[in-house]
Amino acid sequence: MRRVCEKIVEGILTCSGFVTSVAVLLIVVFLFAEAMGLFNKKVVEEGYVLAVNKANPVRRLSALQIKEVFDGEITNWKELGGPDVGVTVFRLEDITAYFSEEELGDEYERAPRCVSRVVAGHPGIIAFVPARFVEKDFPGRLLDDECVSFGEVFAGKEWFPTATPAPLFGFLPLVAGTLWVGFFAILFALPFGLSVAVYMSEVAGRRTRGFLKPVIELLSGIPSVVYGFFGLIVVVPLLQRVFGLPVGETGLAGSVVLAVMALPTMITVAEDAMRNCPRAMREASLALGATRWQTIYKVVIPYSVSGIASGVVLGVGRAIGETMAVLMVTGNAAVIPSTLLEPLRTIPATIAAELGEAPSGGVHYEALFLLGVVLFFITMLINLGVEYISSKTGRSK
Amino acid sequence: MDKIDAKHVNFFYGDFQALKDISMTIEEKSVVAFIGPSGCGKSTFLRLFNRMNDLIPGTRLEGEILIDGRDVYDKSVQVDELRKQVGMVFQRPNPFPKSIFENVAYGLRVNGVKDGEFIRHRVEEALKAAALWDEVKHKLKESAFALSGGQQQRLCIARAMAVSPSVLLMDEPASALDPISTAKVEELIHELKTEYTIVIVTHNMQQAARVSDKTAFFYMGSMVEYDDTKKIFTNPGKEATQNYITGRFG
């Protein structure tokens, strides 16, 4: 009977182990499956086409070029490798400027005819029209349908996911924003975290520690929205005043808030690691005539370096993946940051802010999933890197 | 000449009295063994000599411990200076997570020695004195954790000797070692006593008989008997000692 019970318990444990790993794998697979669809999507919005005059030799345009053309930044076909002709941008809603309502018909039933006439009549035209408005004997030429390219996504410097006719999904500003904020958050948190950890494990008396530890652990229980709110109300105006900025919502505000959020994890893990340094090791050092501080920085810290490193990584992980607080205080401008005193936007904040309005299965939606994949890889790389470092230092010491 | 002179030492952990009125003198360049059942206070007494018990909160000492005629608990004594003079080897080998070389050099470095040539020289001397040099001279840069338990313990002895103490305290230095390593450590103690005053705590009575000049038997916080090792093991003055060394209790 007891043996059967044990078998059952063993079975349950095995099952739960497998179910968990399968669930994790499924999440990763789902993420990848959704994300990879992006590269099969066309640059130009679905159901629409770009058309030019037959005489125009330009065959294809990149998403960035399309955007610049429609934003009026490129005004001559010369810049796109075509003839020296001015660009005329045409969207379907512009058609009323060319034709009267009667010519178009009550239900726009004659609109395709009109589109053809416009395209045929203007050598510099570029028309962005629904595919169903293109007649069978269309006098112009449709630009080649390009798929979203790898390079444009990963090396793209502009993130305009809702631009028409061609949205831009340049990941660089978001990746840079994430790393930037994360890096400075760690830079701010590290000295504080380490000193508090050293203080708590080595210096503080039992009573002080008994007071500090729960307080610091309490910090990790505060919801991130509350941190964001605190950042918005306190940190942002403060930075604005101190640095005389037009807006206080900057990368610096994000880093500060994230640093505060990463502290509890960092302190708790690093402190535990240091307290785990065997008493025998400390005594050996003290017995050789080392002072307490020499013992701390020559024996205790080197001994617990891998624990401290994992504390830092957990902190980094939290900082990189943190969404809500960053979303609230960084200003969310998708530009590549060059200083800490300008707004920026992180990957998680982008996903959180935009997923709600991105049509499911659309190109924007898939781009957000790809961002998720990128975030996944960033955190994974950091974890692997630190594991490598700590295993290496652990062995050679 | 007396190296260590303990006078009426009482020691308390909180309310618990761990040592009761212990007085003893230890001659310079001799080996004294402390024996007795677990919890009898012999380690506690040993750790008073280099003030290791200071680390434990809530302890209290009465009486005096003089080393070279100076009270080690006097306010003018710098604890780290004292510990340089009174080295200690612990029960379990406890090398630092550093290379073999750095382990031995540690004591010199924390004492502000910067001269690399001198450090190298001292490390070699200490390793030779600990009979470890030939085994590790090719791999001084390797981690101390790569050594066997016996080698680690001899490394710890070398580490303690590198700072040139005059007294060496050994708290059951061979209890975690196999017989061959134990024999090596004992041999080492024999050689070291020409230069150091050695106090060794041991559970192993044969070991005490082999290595020490004098032996003290502790029981329940009191020192029952303290005499020449030969006398203790052949003709003890007290019945309790007799019972203990013949294995009737403890």
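Residues numbered from 1 in each chain as written. Chains lettered and ligands numbered in written order. Predicted model: local features only at pLDDT ≥ 70, side-chain atom pairs only at ≥ 80, totals over all residues. Heavy atoms only, no water.

S.K.: Teacher, can you tell me more about the domain arrangement of chain A here?
M.R.: How big an interface is tends to be stated in terms of the accessible area lost upon association of its parts. Domain boundaries assigned for chain A yield domain 1 (48-149) and domain 2 (172-396). Using C-alpha coordinates to define each centre, domain 1 of chain A is positioned 50 Å away from domain 2 of chain A. (Domains from an automatic or database assignment.)

S.K.: What exactly am I supposed to notice about the side chain of B:Glu186 here?
M.R.: Residue and element names in this part refer to chain B. Relative to the elements of secondary structure, Glu186 occurs in helix 7 (residues 179-192). On the basis of relative accessibility, which here comes to 7%, the residue Glu186 falls in the buried class. Aside from chain neighbours lying at most four places away, what touches Glu186 is Gln207, Arg210 and Val211. (Helix = DSSP H or I, 4+ residues; strand = E, 2+ residues; numbered from the N terminus. Buried < 20%, exposed > 50% of the residue type's maximum accessible area, 1.4 Å probe, protein only. Contact = heavy atoms within 4.5 Å.)

S.K.: I keep staring at the pairing of strand 6 (residues 86-89) of chain B and nothing clicks. Help me out?
M.R.: Each regular strand carries side chains that alternate between the two faces of the sheet. All names here are of chain B. Of the two faces of strand 6, the one holding Val86 and Met88 and the one holding Gly87 and Val89 are both buried throughout. Of the strand pairs in this sheet, strand 6 and strand 7 (residues 167-171) are connected by four bridges, and their pairing is parallel. Pairing of Val89 across the sheet is with Met170, part of strand 7. (Pairing = 2+ DSSP bridges.)

S.K.: Sorry if this is basic, but what is going on with the packing of aromatic side chains here?
M.R.: To describe a pair of aromatic rings, one takes the distance between the centres and the angle between the planes. All told, the structure shown has 25 aromatic pairs over all chains when counted by the stated rule. Ring centres of A:Phe32 and A:Phe376 lie 6.4 Å apart, and the angle between their planes is 90°; this geometry places the pair in the edge-to-face category. Placement of the pair is A:Phe32 in helix 1 (residues 2-36) and A:Phe376 in helix 16 (residues 363-396), with a sequence separation of 344 residues. Note on A:Phe376: relative accessible area 27%, which makes it partly exposed. Taken together, a centroid distance of 4.8 Å and an interplanar angle of 40° make the contact between A:Phe39 and A:Phe150 tilted. One end of the pair, A:Phe39, is in the loop between helix 1 and strand 1 (48-52); the other, A:Phe150, is in helix 6 (residues 150-154), and 111 residues separate them in sequence. The ring of A:Phe160 is capped by A:Lys67, whose NZ or CZ atom sits 4.4 Å from the centre of that ring. One cation-aromatic arrangement involves B:Arg60 over B:Phe12; the distance from NZ or CZ to the ring centre is 4.1 Å. (Phe/Tyr/Trp six-rings, centres within 6.5 Å; stacked < 30°, edge-to-face > 60°. Lys NZ or Arg CZ within 6 Å of the ring centre and 35° of its normal.)

S.K.: Looking at this structure, how should I read the pattern of salt bridges?
M.R.: Any two side chains of opposite charge can pair, on the condition that their charged atoms come close. On inspection of all chains with the given rule, the structure shows 28 salt bridges over all chains. Where A:Glu366 meets A:Lys41, a salt bridge forms, and the shortest distance between an N and an O atom there is 2.9 Å. Of this pair, A:Glu366 sits in helix 16 while A:Lys41 sits in the loop between helix 1 and strand 1; the two residues are 325 residues apart in sequence, bridging distant segments of the chain. Both residues of the pair, A:Glu366 and A:Lys41, count as buried. Of the charged contacts, one joins B:Arg51 and B:Asp54 as a salt bridge, the two residues approaching to 2.8 Å between their closest N and O atoms. Members of the salt-bridge network, linked through shared partners, are A:Arg209, A:Lys213, A:Glu217, A:Glu271 and A:Asp272. (Salt bridge = Lys/Arg side-chain N within 4 Å of Asp/Glu carboxyl O.)

S.K.: Explanation requested: a negative patch on the surface in the structure shown.
M.R.: All names here are of chain A. Together, Glu101, Glu102, Asp106 and Glu107 line one region of the surface with negative charge. On the secondary structure map, Asp106 appears in the loop between helix 4 (101-104) and helix 5 (111-121). Residue Asp106 is classed as exposed on the basis of its relative accessible area, which comes to 77%. (Patch = residues over 30% accessible without salt bridge, like charges linked within 9 Å, V, L, I, M, F, W, Y side chains within 5 Å. Areas by Shrake-Rupley, 256 points an atom, 1.4 Å probe, with all protein chains shown as cover. Lys, Arg positive; Asp, Glu negative; His and termini not counted. Charge placed at Lys NZ, Arg CZ, Asp CG, Glu CD.)

S.K.: Would you take a moment to explain the sheet that holds strand 4 (residues 59-67) of chain B for this structure?
M.R.: Strand pairing in a sheet relies on backbone hydrogen bonds. The paired strands run either parallel or antiparallel. All names here are of chain B. Pairing in this open sheet of four strands is antiparallel, and the strands run 2-1-4-5 from one edge to the other. Strands with a single pairing partner mark the edges of an open sheet, and in this sheet they are strand 2 (16-27) and strand 5 (70-71). In the sheet, strand 4 pairs with strand 5 via two bridges, with the strands oriented antiparallel. Note that in strand 5 the partner of Ile67 across the bridge is Arg70.

S.K.: What is the right way to look at the interface of chain B and chain A in this model?
M.R.: Facing 28 residues of chain B, the contacting portion of chain A comprises 20 residues. Between chain B and chain A, the buried area comes to about 1,900 Å², and carbon and sulfur atoms account for 63% of it. The three residues of chain B that bury the most area against chain A are B:Pro97, B:Tyr106 and B:Val110, which together make up 29% of that side's buried surface. Along the contact surface separating chain B from chain A lie one salt bridge. With a closest N to O distance of 2.8 Å, A:Glu283 and B:Arg47 form a salt bridge. Counting across the interface, chain B meets chain A through five residue pairs in polar contact (both at pLDDT 80 or more). (Buried area = accessible area lost by both parts, 1.4 Å probe. Polar contact = N/O pair within 3.5 Å; in protein donor to acceptor, adjacent residues only side chain to side chain.)

S.K.: What is the right way to read unusual backbone geometry from this model?
M.R.: Trans peptide bonds make up most of the peptide bonds, and negative phi angles are found at most residues other than glycine. All names here are of chain B. Even without glycine at this site, Asp21 takes up a positive phi of about 45°. Backbone geometry places Ala131, a non-glycine residue, at a positive phi of 55°. Along the chain, Ala131 turns up in the loop between helix 4 (116-129) and helix 5 (133-136).

S.K.: Honestly, the pairing of strand 3 (residues 125-130) of chain A in this entry has me stumped. Any pointers?
M.R.: All names here are of chain A. Among the six residues that make up strand 3, six are buried, leaving the element largely enclosed by the rest of the structure. With five bridges connecting them, strand 1 and strand 3 associate as antiparallel partners. Paired with Ala51 across the bridge in strand 3 is Ala127. Note: strand 2 (residues 88-91) against strand 3, four bridges, orientation parallel. Residue pairing for strand 3: Phe90 is matched across the bridge by Ala127.

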